[in-house]
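# Topology and contacts: notes
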Protein chains: 2
Amino acid sequence: MVSQKKRRDSAGSRRRLLAAAVHEFAARGFDGAKVDRIARRARVNKAMVYYHFRHKADLYRAVLLERFGAIADRVAIVRAEGGAPEDQLRRFVATVAGLIGDWPELPGIWLREMADGGRHVDAEVMAALRRVVDTLAAILDAGTRAGCFAPAQPLVVQMGIVGPLLLVAASAPLRARLASVLSTRHADVAWPAIVDHIERGTLAVLTGPRPEAAAGPARRPRPRSARA
Amino acid sequence: MVSQKKRRDSAGSRRRLLAAAVHEFAARGFDGAKVDRIARRARVNKAMVYYHFRHKADLYRAVLLERFGAIADRVAIVRAEGGAPEDQLRRFVATVAGLIGDWPELPGIWLREMADGGRHVDAEVMAALRRVVDTLAAILDAGTRAGCFAPAQPLVVQMGIVGPLLLVAASAPLRARLASVLSTRHADVAWPAIVDHIERGTLAVLTGPRPEAAAGPARRPRPRSARA
DNA sequence: GTCTATAAATAGATAGAC
DNA sequence: GTCTATCTATTTATAGAC
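For every chain, the first residue of its written sequence is number 1, and the numbers climb from 1 along that sequence. Chains and ligands are labelled by the order in which they are written, letters from A for the one and numbers from 1 for the other. Local features in a predicted model are, by the rule used here, given only for residues with pLDDT of at least 70; side-chain atom pairs are given and counted only at 80 or more, and totals for whole chains, interfaces and linings are based on all residues. Calculated side-chain values reflect all of the structure's heavy atoms, with hydrogen atoms and water omitted.

### So, the interface of chain A and chain B
Contacts: residue pairs with any heavy atoms within 4.5 Å of one another. Tallying the contact residues gives 73 residues for chain A and 72 residues for chain B. Summing the contributions of chain A and of chain B, the shared interface buries around 6,400 Å²; its carbon and sulfur component is 67%. A carboxyl oxygen of Asp or Glu within 4 Å of a side-chain nitrogen of Lys or Arg is what we treat as a salt bridge. At the junction of chain A and chain B, the tally comes to two salt bridges. The closest approach of N and O atoms between Arg112(A) and Asp116(B), which form a salt bridge, is 2.8 Å. A 3.5 Å cut-off defines polar contacts: any pair of N or O atoms within that distance qualifies, except that in protein one atom must be a possible hydrogen donor and the other a possible acceptor, and neighbouring residues in sequence count only when both atoms are side-chain atoms. The tally of links between chain A and chain B comes to 10 residue pairs in polar contact (both at pLDDT 80 or more). Looking at the side of chain A that touches chain B, the elements with two or more residues in it are α1 (13–32), α5 (85–102), α6 (106–115), α7 (123–146), α8 (154–170), α9 (172–179) and α10 (191–207) of chain A. Think of it this way: any DSSP run of H or I at least four residues long counts as a helix, any run of E at least two long counts as a strand, and we number them from the N terminus. At 13 residues, α8(A) tops the list of elements feeding residues into the side of chain A that touches chain B. A breakdown of the residues in the side of chain A that touches chain B according to their chemical character gives 41 nonpolar, 16 polar and 16 charged. Once two parts are brought into contact, the accessible area they lose, counted with a 1.4 Å probe and summed over both, makes up the buried area. All residues other than Ala, Val, Leu, Ile, Met, Phe, Trp, Tyr, Cys, Pro, Asp, Glu, Lys and Arg, Gly among them, are scored as polar; the first ten of these are nonpolar and the last four charged.

### Observations concerning the side chain of Lys56(A)
Residue and element names in this part refer to chain A. For Lys56, the location among the structural elements is in helix α4 (residues 56–81). In this scheme, a residue with accessible area under 20% of its type's maximum is buried, one over 50% is exposed, and one in between is partly exposed, where area comes from a 1.4 Å probe on protein chains only. Only four residue types enter the charge count: Lys and Arg as positive, Asp and Glu as negative, with His and the chain ends excluded. Buried within the structure, Lys56 lacks any salt-bridge partner; Asp31 is the closest side chain of opposite charge, at an N-O distance of 5.4 Å. The residues touching Lys56, leaving out its near neighbours within four places in the chain, are Phe25, Phe30, Asp31, Ala33, Val35 and Tyr50.

### What to know about the pattern of salt bridges
Counted according to the given criterion, the structure contains 29 salt bridges over all chains. A salt bridge links Arg37(A) to Glu24(A), with the shortest nitrogen-to-oxygen separation between them at 2.7 Å. In this pair, Arg37(A) is assigned in helix α2 (residues 35–41) and Glu24(A) in helix α1, connecting sequence segments 13 residues apart. By relative accessible area, which is 27% here, Arg37(A) ends up partly exposed. Given the relative accessible area of 6%, Glu24(A) is considered buried. With a shortest N-O distance of 3.2 Å, Arg67(B) and Glu66(B) are connected by a salt bridge. Since its relative accessible area comes to 11%, Arg67(B) is described here as buried. Since its relative accessible area comes to 37%, Glu66(B) is described here as partly exposed.

### A word on the relation of the copies chain A and chain B
The copies are overlaid by a least-squares fit using only the C-alpha atoms of residues whose pLDDT is at least 70 in both copies. It takes a turn of 180 degrees to lay chain A on chain B, together with a shift of 0.0 Å along the axis; the resulting RMSD is 0.1 Å. One copy is carried onto the other by what is essentially a two-fold rotation axis. A share of 86% of the interface residues of chain A reappears at the interface of chain B, consistent with the copies meeting face to face through the same patch.

### Digging into the environment of Ala42(B)
Residue and element names in this part refer to chain B. Note on placement: Ala42 falls in the loop between α2 (35–41) and α3 (46–52). Separated by 165 residues in sequence, Ala42 and Thr207 place their C-alpha atoms 48 Å apart. If near-sequence neighbours (up to four positions away) are discounted, Ala42 is found in contact with Arg16, Leu17 and Ala20.

### Considerations on the domain arrangement of chain A
Residues and elements named next belong to chain A. Segmentation of the chain into domains, including their bounds, is taken from an automatic or database domain assignment. For chain A, the domain assignment lists domain 1 (12–53) and domain 2 (62–207). Relative to domain 2, the C-alpha centre of domain 1 lies at a distance of 27 Å. For the pair domain 1 and domain 2, the number of links is one salt bridge. One salt bridge in this structure joins Arg119 and Asp31, with 3.8 Å as the shortest N-O distance. Across the domain 1-domain 2 interface, the total number found is two residue pairs in polar contact (both at pLDDT 80 or more). A class-by-class count of the residues in the side of domain 1 that touches domain 2 yields eight nonpolar, two polar and two charged.

### Observations regarding the nonpolar core
For this analysis, a nonpolar core means a set of buried residues of the types Ala, Val, Leu, Ile, Met, Phe, Trp, Tyr and Cys, connected via side-chain atoms within 4.5 Å. The biggest cluster of nonpolar side chains holds 146 residues, and the ones touching the most others in it are Phe25(A), Phe25(B) and Leu89(B). Here Phe25(B) is in contact with Phe30(B), Ala33(B), Ile38(B), Lys56(B), Leu59(B), Tyr60(B), Val63(B), Ile109(B) and Arg112(B), once residues within four sequence places are set aside.

### Things to note about the side chain of Arg175(B)
Relative to the assigned elements, Arg175(B) resides in helix α9 (residues 172–179). For Arg175(B), a relative accessible area of 7% puts it in the buried group. Polar contacts involving the side chain of Arg175(B) include one to the main-chain carbonyl oxygen of Val168(B), which spans 2.5 Å. Look past the residues within four positions of Arg175(B) in its chain and what remains in contact with it is Leu155(A), Met159(A), Val168(B), Asp188(B) and Val189(B).

Written out as structure tokens, the structure reads:
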């Protein structure tokens, strides 16, 4: 993706550093992450960190770019594969959910970067984020043109999808503790249940009955009928 | 709420410290927050931090307890006021949205604490979290008994509500930057729009087409079409 | 309760040998 | 590319005067 700097890193110390960094940054955040721990986890000398990366922030940005770039790539495929807008949207949700399933560090990285106001999001990472939003916008637009979706702001829909997924995934440890204190039995959250919840909720808003004249910029949702 | 330690803190240095701490912890996270900055912001000598609080973590826990306690109190009122379950749920959403509006630091604190796996959530804070979930559970239960809600896991619904709200609020700075790079005009997100989106999405899932047997965790995420 | 001064421990980053 | 040793700045936390 970024630049083919394959300088023959012996056993791939750079790659191992990135993997260790993802873990550390996800678990502790940028400030909480320690270069020392990253190096130790990667089984690499600490000085190597500064051989491969200018500084801590540079390593962190590399992590961001790698992960958000992959997300953008994956959702772009969903859009490219086409299909009915409803289906594309469902696959969009499933894809993001799948990425989180594959990369348990994703929620930590993502949530913290949002909480940080995108402090470390540079132009490259921004471009990746833009691709994700643009992809979702294209799906929504296709649905609107096909008459099956009401017009909606892509970022609103995006947050409605990503927010719950990230929060559920990230809160797993806390929910486990909560379960042991919870009065009733609403203890755990099954991952398929939340994915299903989001899929249905999102589609319902896009295809459902119009809101009167709420505060939103929402338009009149066309009756869901025609196909693409 | 915790203990009436009103020792006449001259001009309320303790209170000012708490306010400054909320800001600092929200903006930078636990590790990124510096005791020095908190003291300076509170216009209080740094040593006073350790006079009022045992250590940094203690101050942070006080912040957590104050805010999550207030959240629990406010949503409990929603439940106590009664009304139709749909209305209670809408007011639940509006209340959380209102709290975020009143306290811009809330998303930062909340998201980071989730990303941290609740590292600093002690028994008292846990109790507050429990109250929030229990309140929502009571609302959902009322709806189910009244026959207007399908059974649902409270935590799933909770994440579906809180996730987008927190993410939208926290990502404001990043979205502002994104707007200037975004190809199309899907730039900004109006706060009322997201609240409306969540209200409708959540209610749609609860009142919409039953996927046979809800409540159960292992639901098949492949409904033919989700029409409302 | 408030302040100054400082201890004590980290942690980011680099120099330079191999 | 890899390692040891180390420099420097920062930061939590405390001692003790007022």
